[in-house]
Amino acid sequence: RFGSDLLVDHQLGLIVALLVTIGAVSIAGRSKRGRRIWHRQLLKVPLIGPMALKQSVSRIAMIIASLIRSGVPLTRAMQLAAQSTNNVVLRDALDDCGHAVGAGQDVAGSLQRTGVFPPLAVQIFSIGQESGELEDMLNQLSSDYNRQVSTMSARLAALLEPILIILLAGFIGFVLVATILPILEAGNVL
């Protein structure tokens, strides 16, 4: 009853508040700082964040491996891989790493300092750089992360399926009760 009264009495105010909130989020999402905050929070979402991170790192590793194979220096490969990612946090981290590697610092240490890349990716970069097999190691990382993302998305779909069925059944039950109850009450009045 309270929710119903609130919607009836303050519907114009609620609509205005909803529109202002949508507009503020839209404007904030277009700014560089707002996009950075959004992308950082997206990476922290359970289940979806790690999956998005692994997918992005997989793509970055594949791009860097392909560029190294083509003879592009690692610093330039990192800059080009940074331009290919949509996530602002990863792009900034790769740019910082590219500059640090260009200044003579270790790749793994640079990646680790960003705090964005998973420990496995940092370790692969470290081992690949030390062994001189960075291209092969990055290709293996990319294929491994692709497999992990496929497995995680299949598990997520399998998890969501029963939940969606239960929600749909509840919605249909609500609609049935909302339609049949007035008819039964009208029958009692007669």
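Residues numbered from 1 in each chain as written. Predicted model: local features only at pLDDT ≥ 70, side-chain atom pairs only at ≥ 80, totals over all residues. Heavy atoms only, no water.

> Can you walk me through the side chain of Thr-85 in this structure?
As for its placement among the helices and strands, Thr-85 is situated in the loop between α5 (74-84) and α6 (88-102). Reaching out from Thr-85, the side chain makes a polar contact with the backbone nitrogen of Asn-87 at a distance of 3.5 Å. What Thr-85 contacts, discounting residues up to four positions off in sequence, is Ser-56, Leu-90 and Arg-91. (Helix = DSSP H or I, 4+ residues; strand = E, 2+ residues; numbered from the N terminus. Polar contact = N/O pair within 3.5 Å; in protein donor to acceptor, adjacent residues only side chain to side chain. Contact = heavy atoms within 4.5 Å.)

> Explanation requested: the packing of α5 against α6 in the structure shown.
For any two helices packed against each other, one specifies the crossing angle of their axes together with the interaxial distance. α6 packs onto α5 with a crossing angle of 170° between their chain directions and a minimal axis gap of 8 Å. As the angle between them shows, α5 and α6 are arranged roughly antiparallel. Where α5 abuts α6, its residues Leu-74, Thr-75, Met-78, Gln-79, Ala-81 and Ala-82 lie against Arg-91, Leu-94, Asp-95, Cys-97, Gly-98, His-99, Val-101 and Gly-102. Within the contact of α5 with α6, the residues separate by chemical class into seven nonpolar, five polar and two charged. (Axes fitted to C-alpha atoms, helices over the stretch in contact; angles between N-to-C directions. Parallel < 35°, antiparallel > 145°, perpendicular 65-115°, else oblique. Nonpolar A, V, L, I, M, F, W, Y, C, P; charged D, E, K, R; others polar.)

> Would you explain a nonpolar patch on the surface in this entry?
Taken together, Val-45, Leu-47, Ile-48, Leu-159, Leu-160, Ile-163, Leu-164 and Leu-167 make up a surface patch of nonpolar side chains, about 700 Å² in accessible area. Looking at the nonpolar patch, the element that brings in the most residues is helix α9 (residues 134-189), giving five residues. On the secondary structure map, Val-45 appears in the loop between α3 (32-44) and α4 (48-69). (Patch = residues over 30% accessible without salt bridge, like charges linked within 9 Å, V, L, I, M, F, W, Y side chains within 5 Å. Areas by Shrake-Rupley, 256 points an atom, 1.4 Å probe, with all protein chains shown as cover. Salt bridge = Lys/Arg side-chain N within 4 Å of Asp/Glu carboxyl O.)

> Just to check I follow, could you spell out unusual backbone geometry for this structure?
Negative phi values dominate among residues other than glycine, just as trans dominates among peptide bonds. Despite not being glycine, Leu-47 has its phi angle at roughly 70°, a positive value. With respect to the helices and strands, Leu-47 occurs in the loop between α3 and α4. Take Leu-47: its relative accessible area is 48%, and that puts it in the partly exposed class. (Buried < 20%, exposed > 50% of the residue type's maximum accessible area, 1.4 Å probe, protein only.)

> How should I be thinking about the pattern of salt bridges in this particular structure?
Close approach of charged atoms allows side chains of opposite charge to pair. Across all of its chains, the model carries three salt bridges by this definition. A salt bridge links Arg-36 to Asp-92; its shortest N-O distance comes to 2.6 Å. Residue Arg-36 is located in helix α3, and its partner Asp-92 is located in helix α6; the two are separated by 56 residues in the primary sequence. Judged by relative accessible area, which is 27%, Arg-36 ranks as partly exposed.

> Help me out: how do you make sense of α5 in this one?
An α-helix turns once per 3.6 residues; consequently, residues spaced three or four apart project the same way. The complete set of buried residues in α5 reads Leu-74, Ala-77, Met-78, Ala-81 and Ala-82. An end-on view of α5 places all buried positions within 140° of arc, on one side of the element. (Arc of directions from axis to C-beta.)

> Please clarify how the packing of α3 against α6 should be interpreted in this entry.
Between α3 and α6, the least distance of the axes is 7 Å, while the angle of their chain directions is 100°. By the angle between their directions, the pair α3 and α6 is classed as roughly perpendicular. The residues of α6 that touch α3, namely those facing Arg-35, Arg-36, His-39, Arg-40 and Leu-43, are Val-88, Val-89, Arg-91 and Asp-92. Taken together, the residues of the contact of α3 with α6 sort by class into three nonpolar, one polar and five charged.

> Explain the nonpolar core to me, please; I cannot follow it from the model alone.
Generally speaking, soluble globular proteins have nonpolar side chains that are buried together. The biggest cluster of nonpolar side chains holds 33 residues, and the ones touching the most others in it are Ile-64, Met-78, Leu-111, Val-116, Phe-117, Leu-138 and Leu-141. Counting only elements with at least two residues in this core, the list comes to α4, α5, α6, α7 (107-114), α8 (119-131) and α9. Setting aside anything within four residues of it in sequence, one finds Leu-141 in contact with Val-57, Ala-61, Leu-120, Ala-121 and Ile-124. (Core = buried A, V, L, I, M, F, W, Y, C linked by side-chain atoms within 4.5 Å.)

Geometric descriptors of this kind do not, in isolation, establish any biological role.
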